[in-house]
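Coordinate inspection notes
Here is how the chains run, residue by residue.
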Amino acid sequence: MSFVRTSLAALAATAIMTIAAQAETLRLSHNVGDTTTWQKGAEKFGELLKEKTGDAYDVRVFPNAQLSGGDQMKQAEMVGRGALDLVVTSAINVTPLVPEMAVFSLPYMYSDYAQVDATTQGDAVKPLEEILLGKGIKVLAWGENGFRELTNNKHAVKSPDDMKGLNIRVAGPMYIDVMNALGANPQQMQWSETLTALQQGVVDGQENPIGAVIIPQQVYEMQKYLTTWHYSYDPLFLGVSQAKWDSLDADTQAKFQEAATEAMQYQREISREATDSGVAFLKEKGMEIYEPTPEELDAFRSATKPAFDTWAEKVGPDLVKSFQDAVASAQ
């Protein structure tokens, strides 16, 4: 009997080792640090995929664009040619590859989350998904970076005039035009370089979402003033290499899709929760928060209208109109 038990135990151990050996490792890259909602959403995807596929896949998450040498703009291109399996990235970081992705971030496109969801969770994004597929990237689900708010170390920003002369770190080309329209000096740089630049005073400020970046990346330790101007929105998407996607059977594709949808829903929820409680937290940390009035927001909207028009033309008037129609339907 002892021999039988030993043999059964050995067989069970061998089976477990065989299953583990068969688990395929997938590499997922994202832009920011490992304390962010980006990381948590990526990890949740890995957990769900492992669960749904019976441990067939092991998703390894690499923060701070490690696999692209710190170049957050390069990640999507690497996924497109199959050099990476998966990516969680923000729309604005894909604009060098797909300029149409700037439609989300046009200044003052959105006022609230309902308007956002009418686009990212509806049919308006389908043309963008088709374009990305043509670049070798299958979009599985949309998450959230959030409404981008302004921080700086010089003074409270209450009007466009207050932006003049500020050196502001920006993430992509559209934001260069927006900051120029406001009279600021935009400095495009990788996020991996930004915290050091803020610490050393190379730039005066930056703009990013509260819940997804400003709090988890402890920007409040380097910046004194925050303006909640909600001037631009930035979604995330979870994408997989088309080559990898096409290699999966229909059942496995369905499990990838389910895991991604659930993970990004979770990521949006925790991001919004962190944003809701974030202003009070930042005040406790010593930041001075300025919340513009509707009239002051109109002044920012008017000042950034030239950048909106320039980029709406680059994005494509039809695509912009479809987004504006979706936004209007949510009002």
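Reading the values: the criteria
Residues numbered from 1 in each chain as written. Predicted model: local features only at pLDDT ≥ 70, side-chain atom pairs only at ≥ 80, totals over all residues. Heavy atoms only, no water. UniProt positions renumbered as here; feature names shortened; annotations may be inferred. Helix = DSSP H or I, 4+ residues; strand = E, 2+ residues; numbered from the N terminus. Buried < 20%, exposed > 50% of the residue type's maximum accessible area, 1.4 Å probe, protein only. Contact = heavy atoms within 4.5 Å. Lys, Arg positive; Asp, Glu negative; His and termini not counted. Charge placed at Lys NZ, Arg CZ, Asp CG, Glu CD. Core = buried A, V, L, I, M, F, W, Y, C linked by side-chain atoms within 4.5 Å. Arc of directions from axis to C-beta. Polar contact = N/O pair within 3.5 Å; in protein donor to acceptor, adjacent residues only side chain to side chain. Salt bridge = Lys/Arg side-chain N within 4 Å of Asp/Glu carboxyl O. Phe/Tyr/Trp six-rings, centres within 6.5 Å; stacked < 30°, edge-to-face > 60°. Axes fitted to C-alpha atoms, helices over the stretch in contact; angles between N-to-C directions. Parallel < 35°, antiparallel > 145°, perpendicular 65-115°, else oblique. Left-handed = near helix turned anticlockwise from the far one by under 90°. Nonpolar A, V, L, I, M, F, W, Y, C, P; charged D, E, K, R; others polar.

- Per an unreviewed UniProt entry, the chain carries the name DctP family TRAP transporter solute-binding subunit and comes from Paracoccus aurantiacus.
- Database annotation for the chain, UniProt heading Subcellular location (unreviewed entry): "Periplasm".

Description of the overall build of the chain
- A count of helices and strands for the chain gives 13 helices and nine strands.
- With respect to the three principal axes, the spread of C-alpha positions in the chain is 85 × 45 × 35 Å.
- The proportion of buried residues among the 331 residues of the chain is 52%.
- Counting only contacts in the chain whose residues sit at least 6 apart along the sequence, the fraction spanning at least 24 positions is 76%.
- The centroid of the 28 positive side-chain charges in the chain is displaced by 4 Å from the centroid of its 44 negative side-chain charges.

Let's talk about the nonpolar core
- Ranked by size, the top nonpolar core spans 55 residues in total, and within it Met101, Val103, Phe104, Met163, Trp229 and Phe323 carry the most contacts.
- Non-local contacts of phenylalanine 104, meaning those with residues more than four positions away in its chain, are made with Ala91, Met109, Tyr110, Thr120, Val125, Leu128, Trp142, Tyr233, Pro235 and Phe323.
- Among the nonpolar cores identified, the runner-up in size contains 42 residues, and Ala212, Leu238, Ala260 and Met287 belong to it.

Brief notes about helix 12 (residues 305-315)
- Along helix 12, the residues classified as buried are Ala307, Phe308, Trp311, Ala312 and Val315. All buried residues of helix 12 lie within an arc of 130° about the axis, which places them on one face of the element.

Here we look at the side chain of glutamine 223
- Within the element layout of this structure, glutamine 223 appears in the loop between helix 8 (210-214) and strand 8 (225-241).
- In this structure the side chain of glutamine 223 is engaged in a polar contact, spanning 3.2 Å, whose partner is the backbone oxygen of aspartate 204.
- When sequence neighbours within four positions are dropped, the list of residues in contact with glutamine 223 reads Thr151, Asn152, Asn153, Leu198, Asp204, Gly205, Gln206 and Met287.

Some remarks on the environment of aspartate 246
- As for its position among the elements, aspartate 246 is in helix 9 (residues 242-246).
- Sequence spacing of aspartate 246 and lysine 138 is 108 residues, and the spatial spacing of their C-alpha atoms is 9.6 Å.

A short note on the pattern of salt bridges
- Summed over all chains, the structure comprises 16 salt bridges.
- The residue lysine 164 makes a salt bridge to aspartate 161 at a minimum N-O spacing of 3.2 Å. The same class applies to lysine 164 and to aspartate 161, which are both exposed.
- Between lysine 255 and aspartate 251 there is a salt bridge, and its shortest N-O distance comes to 3.1 Å. Taken together, the residues span about one helical turn, with lysine 255 and aspartate 251 both in helix 10 (residues 250-284) at a distance of four residues.
- Of the residues examined, lysine 255 reaches a relative accessible area of 25% and is grouped as partly exposed.
- On the accessibility criterion, aspartate 251 (47% relative accessible area) is partly exposed.
- One network of salt bridges, in which partners are shared, links Lys52, Glu258 and Glu262.

Things to note about the packing of aromatic side chains
- Enumeration according to the criterion identifies 12 aromatic pairs in this entry.
- Ring centres 5.2 Å apart and planes at 85° place the aromatic pair tyrosine 57 and phenylalanine 256 in the edge-to-face group. With tyrosine 57 in strand 2 (residues 57-62) and phenylalanine 256 in helix 10, this pair connects stretches of sequence that are 199 residues apart.
- Look at phenylalanine 256 and you get buried, because its relative accessible area is 0%.

Side note on the packing of helix 4 (residues 113-120) against helix 13 (residues 317-329)
- Contact pair helix 4 / helix 13: the axes reach a minimum separation of 8 Å and the direction vectors enclose 130°. One finds that helix 4 runs oblique with respect to helix 13. Both helix 4 and helix 13 take part in a crossing whose hand is right-handed. Between helix 4 and helix 13, the contacting residues are Gln115, Ala118 and Thr119 on the first element and Phe323, Ala326, Val327 and Ser329 on the second.
- Partitioned by chemical class, the residues of the contact of helix 4 with helix 13 number four nonpolar, three polar and no charged.

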